[in-house]
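# A structural walkthrough
Chain by chain, the residues:
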Amino acid sequence: MVDIDLKKLDKPIAYGNKILLTGSCFTEHIGNTLQQLKFDVLQNPNGILFDPQSVCSSLISYVECKTYSEKDFFQLNGVWHSWQHHSRFSNTQLEKAVEAVNVSQQKAHNFLKQADWLIITLGSAFSYQLMGTPENSGTILRTLSQSKGVANCHRAPAKWFSKHLLTIEEIITALDETIQRLFFFNNKVRIIFTVSPVRHIRDGVINNNRSKARLIEAVHHMVNKFDRLYYFPAYELLIDVLRDYRFYDVDLVHPNFIATQFVLQKFEECCIDEKAAGLMKEVEKILIARKHKPLYPDSQAHQEFLKNHFEKAKTLQQQYPFLNFEEELNYFSKQIL
C-alpha cells in the first residue's frame with residue numbers, strides 16, 4: 001500500500017474551536033463526525049455545494065450577511081427553490097423557503113465571524129449557468145442577473161443550463177478574492193481545503209479526472225500563497241492509498257464506510273490536537289453506551305452500566321463545560337430504575 005506523509009498541522013483543531021464546514025457531500029462525513037463528538041460545528045449553511053464558484057459565492061454572502069427576498073426564488077412543479085441553495089431549503093410555501101434561507105444566512109454570518117476553522121471540500125470544477133427559458137422566463141432571468149452560476153439545478157430541464165468546466169485561473173481568481181474577504185472579516189480563521197474523493201462519473205471518467213486535477217492544482221496554488229491555509233489529501237488517500245473498488249459503495253462512485261472511516265482516522269491524526277483526540281475517545285465511549293441495546297434492560301448489570309455512564313458523562317461535562325451531554329444524560333437518567 002502506498003502511503004502519504006501526513007504532517008500534523010502547526011496548530012491543530014481543538015475542542016472549544018468553532019468549525020464551519022462547507023462544500024460537497026464529503027464535507028458532511030467530516031462535519032457529522034465532529035458534531036457527534038461534541039465539537040462546535042456549523043456545516044453547509046447553503047446545503048451541499050460542489051463547484052468553487054458556488055462555494056465562494058456562499059462564503060461571501062455570509063460575510064455580507066446577505067438577505068434573500070422572494071424575487072430570489074423560483075417555482076418549479078409547485079415547489080419554491082433558490083438557485084444558490086440545496087433543496088433542503090425548498091418549500092411549497094414561498095414565505096417559509098425565504099425564512100429558512102435567511103435564518104441560515106444570519107447564523108452563518110455570526111458563526112463565521114467567530115470561527116477558528118473553515119473546512120472547504122470542493123467536489124467538481126464544473127459550473128452550471130442559467131440560460132433562461134421561454135417558460136417562466138421572468139423568474140428565471142430575474143435570478144440569473146444576480147449570480148454567475150447556480151449552485152443547484154433542482155432537477156430543472158437540462159436545456160435551461162449551460163455547463164462549463166472552470167479553468168484553473170477562474171478557480172484561483174474566485175478563491176483568492178474570497179480568502180482575502182474572509183481574512184479581513186475574521187483575522188484569526190484558518191482554512192483546511194480538501195478535494196472530495198467522490199467520483200462525478202456523470203461527467204465521464206476523463207472529465208471527472210480533468211475536473212479533480214484543476215481543483216487540486218488551484219487549491220495547492222492558494223495554500224502556497226497564503227498562511228493559515230492547509231491541504232488535507234482526502235482524495236489522494238482514497239485514490240492512491242486505498243486504490244481499490246472494494247472501498248467504494250455499490251455505485252462505484254461514493255466511498256463506503258470502511259474507506260470513509262480510514263480517511264477520517266487520517267484526518268484525526270493530521271488535523272486534531274492530541275489532547276482533543278484523547279477526549280474524543282472518552283466522548284465516543286459515552287455515545288456508544290447511549291446506543292447500546294440491552295437484552296435485559298432491568299437487570300442489575302445493565303442498571304450498573306447506565307449509572308456508570310451517567311456519572312462519566314456528568315463528570316466529563318463538569319470538567320469540560322463546552323461539551324454538551326444533555327441528550328445522553330437525559331437518556332441514562334430515564335432508563336435507570
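Analysis parameters
- Residues numbered from 1 in each chain as written.
- Predicted model: local features only at pLDDT ≥ 70, side-chain atom pairs only at ≥ 80, totals over all residues.
- Heavy atoms only, no water.
- Pairing = 2+ DSSP bridges.
- Helix = DSSP H or I, 4+ residues; strand = E, 2+ residues; numbered from the N terminus.
- Right-handed = clockwise from strand over helix to strand, strands pointing away.
- pLDDT = per-residue confidence, 0-100.
- Contact = heavy atoms within 4.5 Å.
- Buried < 20%, exposed > 50% of the residue type's maximum accessible area, 1.4 Å probe, protein only.
- Phe/Tyr/Trp six-rings, centres within 6.5 Å; stacked < 30°, edge-to-face > 60°.
- Lys NZ or Arg CZ within 6 Å of the ring centre and 35° of its normal.
- Axes fitted to C-alpha atoms, helices over the stretch in contact; angles between N-to-C directions.
- Parallel < 35°, antiparallel > 145°, perpendicular 65-115°, else oblique.
- Left-handed = near helix turned anticlockwise from the far one by under 90°.
- Nonpolar A, V, L, I, M, F, W, Y, C, P; charged D, E, K, R; others polar.
- Salt bridge = Lys/Arg side-chain N within 4 Å of Asp/Glu carboxyl O.

### Observations concerning the pairing of strand E2 (residues 40-43)
Look at any regular strand and the pattern is simple: side chains alternate between the two faces of the sheet. For strand E1 (residues 18-23) and E2, the ladder comprises 4 bridges, and the chain directions are parallel. Opposite Leu 20, over in E2, you have Leu 42 as the bridge partner. For the crossover that starts at E1, traverses helix H1 (residues 25-36) and ends in the parallel E2, the hand is right-handed.

### Examining the confidence of the model for the protein
Averaged over all residues, the pLDDT of the protein equals 90, while 94% of them reach at least 70. In the model, residues 140-147 has pLDDT below 50 throughout and makes 18 contacts with residues more than four positions away in sequence or in other chains.

### Overview of the environment of Gln 318
Within the fold, Gln 318 resides in helix H10 (residues 300-319). The class for Gln 318 is exposed, based on a relative accessible area of 57%. Residues Gln 318 and His 86, 232 residues apart in the sequence, show an inter-C-alpha distance of 38 Å.

### Some thoughts on the packing of aromatic side chains
This model, assessed by the stated rule, comprises 9 aromatic pairs. Taking 4.0 Å as the distance between ring centres and 10 degrees as the angle between the ring planes, the aromatic pair formed by Tyr 15 and Phe 39 counts as stacked. One end of the pair, Tyr 15, is in the segment before E1; the other, Phe 39, is in the loop between H1 and E2, with 24 residues separating them in the sequence. The exposure class assigned to Tyr 15 is buried, which follows from its relative accessible area of 9%. Looking at Lys 113, its charged tip hangs above the ring of Phe 185, at a distance of 4.7 Å from the centre.

### Quick look at the packing of helix H9 (residues 274-291) against helix H11 (residues 326-335)
Packing of H9 against H11 leaves a shortest axis separation of 10 Å and a crossing angle of 40 degrees. It follows from the interaxial angle that H9 and H11 lie oblique. Between H9 and H11 lies a crossing of left-handed hand. The residues of H11 that touch H9, namely those facing Ile 286, Leu 287, Ala 289 and Arg 290, are Glu 327, Glu 328, Tyr 331 and Phe 332.

### Structural notes on the packing of helix H2 (residues 52-64) against helix H3 (residues 94-114)
Relative orientation of the contacting elements H2 and H3 amounts to 80 degrees, with a least axis distance of 8 Å. One finds that H2 runs roughly perpendicular with respect to H3. Of H3, the residues touching H2 (which contributes Leu 59, Ser 61, Tyr 62 and Val 63) are Gln 105, Ala 108, His 109 and Leu 112. Partitioning the contact of H2 with H3 into residue classes produces 5 nonpolar, 3 polar and no charged.

### Concerning the environment of Arg 246
Summarising the element assignment, Arg 246 is placed in the loop between helix H7 (234-242) and helix H8 (257-271). Measuring from C-alpha to C-alpha, the distance between Arg 246 and Gly 47 comes to 29 Å, with 199 residues separating the pair along the chain.

### Digging into the pattern of salt bridges
Applying the stated criterion across every chain yields a total of 12 salt bridges. Residue Asp 116 is joined to Lys 188 by a salt bridge in which the shortest nitrogen-to-oxygen separation is 3.4 Å. With Asp 116 in the loop between H3 and strand E5 (117-122) and Lys 188 in the loop between helix H5 (168-185) and strand E8 (190-195), the pair connects residues that are 72 residues apart, well separated along the chain. Taking relative accessible area as the criterion, Asp 116 reaches 18% and is therefore assigned buried. For Lys 188, a relative accessible area of 40% puts it in the partly exposed group. Residue Glu 327 pairs with Arg 290 through a salt bridge whose shortest N-O separation is 3.9 Å. With a gap of 37 residues between them, Glu 327 in helix H11 and Arg 290 in helix H9 connect regions that are remote in the sequence. Take Glu 327: its relative accessible area is 53%, and that puts it in the exposed class.

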